[in-house]
Amino acid sequence: LSAGFYELKDYPEAVMAIEKALIIYRQLAKDHPALYLPVVILSLNNLGVLLLDMRDFSTARTALEEALEFERQLAAEQPVVYRPNMAMTLNNLGKLLYIMHDFSVARTIFEEALDIYRQLAEEQPNVYLQNVSMIQNNLGMLLRDVGNFQAARTACEEAVELVEIMLC
């Protein structure tokens, strides 16, 4: 339902739909965490991205940090299953922090996501090299904005090299 509102650009209705769903999923996760905690995480991540689009940065940060906290727990238990999603949440949080000009924390977050995606790309390059490239690009923009031009250039050059590899 929230996706439909989002497509219609009715963001407040999309937020309300996600928040209503979260109430239900949180309750279900109390009794069946293995089944419903991943859905809570996905809903929090979607809410965070939606709120980012709405420029409600504080609330978006809260949602993404909560999603990340749950993902860290699940990834500690089942890394193969949950680390890829955790890396995407890290990227979303990094983008938010970058927009909020919290550059040092955003850099740390991007670097953590990059480490995860690099490890995943070693095993499945066709699936994860694009994510490494995406994070390198995000990191490059951040490094440029803080005046670290050489590191920014290196990050962006790697992003371009990876795109070239994917196109071959």
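Rules used in this analysis
- Residues numbered from 1 in each chain as written.
- Predicted model: local features only at pLDDT ≥ 70, side-chain atom pairs only at ≥ 80, totals over all residues.
- Heavy atoms only, no water.
- Helix = DSSP H or I, 4+ residues; strand = E, 2+ residues; numbered from the N terminus.
- Rg over C-alpha atoms; globule rule 2.2 N^0.38 Å.
- Buried < 20%, exposed > 50% of the residue type's maximum accessible area, 1.4 Å probe, protein only.
- Contact = heavy atoms within 4.5 Å.
- Areas by Shrake-Rupley, 256 points an atom, 1.4 Å probe, with all protein chains shown as cover.
- Lys, Arg positive; Asp, Glu negative; His and termini not counted.
- Charge placed at Lys NZ, Arg CZ, Asp CG, Glu CD.
- Expected span 1.5 Å × (residues − 1).
- Salt bridge = Lys/Arg side-chain N within 4 Å of Asp/Glu carboxyl O.
- Axes fitted to C-alpha atoms, helices over the stretch in contact; angles between N-to-C directions.
- Parallel < 35°, antiparallel > 145°, perpendicular 65-115°, else oblique.
- Left-handed = near helix turned anticlockwise from the far one by under 90°.
- Nonpolar A, V, L, I, M, F, W, Y, C, P; charged D, E, K, R; others polar.

Caption draft 1: A look at the overall build of the chain. In terms of regular secondary structure, the chain is built from eight helices and zero strands. In sequence order, the secondary structure elements of the chain are arranged as α-α-α-α-α-α-α-α. Scaling as 2.2 N^0.38, a compact globule of 168 residues should have a C-alpha radius of gyration of about 15 Å, and the chain matches this with 17 Å. In terms of principal-axis extent, the alpha carbons of the chain reach across some 50 × 35 × 30 Å. Scored against the burial criterion, the 168 residues of the chain give a buried share of 40%. Sequence separation of 24 or more characterises 52% of the internal contacts of the chain that already satisfy a separation of 6 or more. Accessible surface, the chain as shown: approximately 9,500 Å² in total, 56% of it carbon and sulfur. Each charge class in the chain can be summarised by its mean position, and for the 13 positive and 23 negative side chains these summaries are 3 Å apart.

Caption draft 2: Quick peek at helix H4 (residues 57–77). Taking 1.5 Å per residue as the helical rise, H4 with its 21 residues ought to reach 30 Å, and the 30 Å between its terminal C-alpha atoms agrees with that figure. Taken as a whole, H4 has its buried residues at Phe 57, Ala 60, Ala 63, Leu 64, Ala 67, Leu 68, Phe 70, Glu 71, Leu 74 and Ala 75.

Caption draft 3: Here's a closer look at helix H7 (residues 125–145). The end-to-end C-alpha distance of H7, which contains 21 residues, comes to 29 Å, matching closely the 30 Å that a straight helix rising 1.5 Å per residue would cover. Just past H7, the residue Gly 147 takes up positive phi, approximately 85°.

Caption draft 4: Highlighting the pattern of salt bridges. Counted under the stated rule, the structure contains eight salt bridges. In this structure, the salt-bridge partner of Arg 72 is Glu 112, at a minimum N-O distance of 2.5 Å. With Arg 72 in helix H4 and Glu 112 in helix H6 (residues 103–123), the pair connects residues that are 40 residues apart, well separated along the chain. We classify Arg 72 as partly exposed; its relative accessible area is 36%. The salt bridge partner of Glu 157 is Arg 153, with a shortest N-O separation of 2.7 Å. Of this pair, Glu 157 and Arg 153 both sit in helix H8 (residues 149–167), separated by four residues, roughly a single helical turn. The partly exposed category is assigned to Glu 157, whose relative accessible area is 36%. The exposed category is assigned to Arg 153, whose relative accessible area is 53%. The network of salt bridges with common partners includes Arg 61, Glu 65 and Asp 102.

Caption draft 5: Examining the packing of helix H5 (residues 79–99) against H6 more closely. Packing of H5 against H6 leaves a shortest axis separation of 8 Å and a crossing angle of 155°. Viewed along their axes, H5 and H6 adopt a mutual orientation that is roughly antiparallel. Between H5 and H6 lies a crossing whose hand is left-handed. Contacts between H5 and H6 involve Arg 83, Pro 84, Met 86, Ala 87, Met 88, Leu 90, Asn 91, Leu 93, Gly 94, Lys 95, Leu 97 and Tyr 98 on the former and, on the latter, Phe 103, Val 105, Ala 106, Ile 109, Phe 110, Glu 112, Ala 113, Ile 116, Tyr 117, Gln 119 and Leu 120. Partitioning the contact of H5 with H6 into residue classes produces 17 nonpolar, three polar and three charged.

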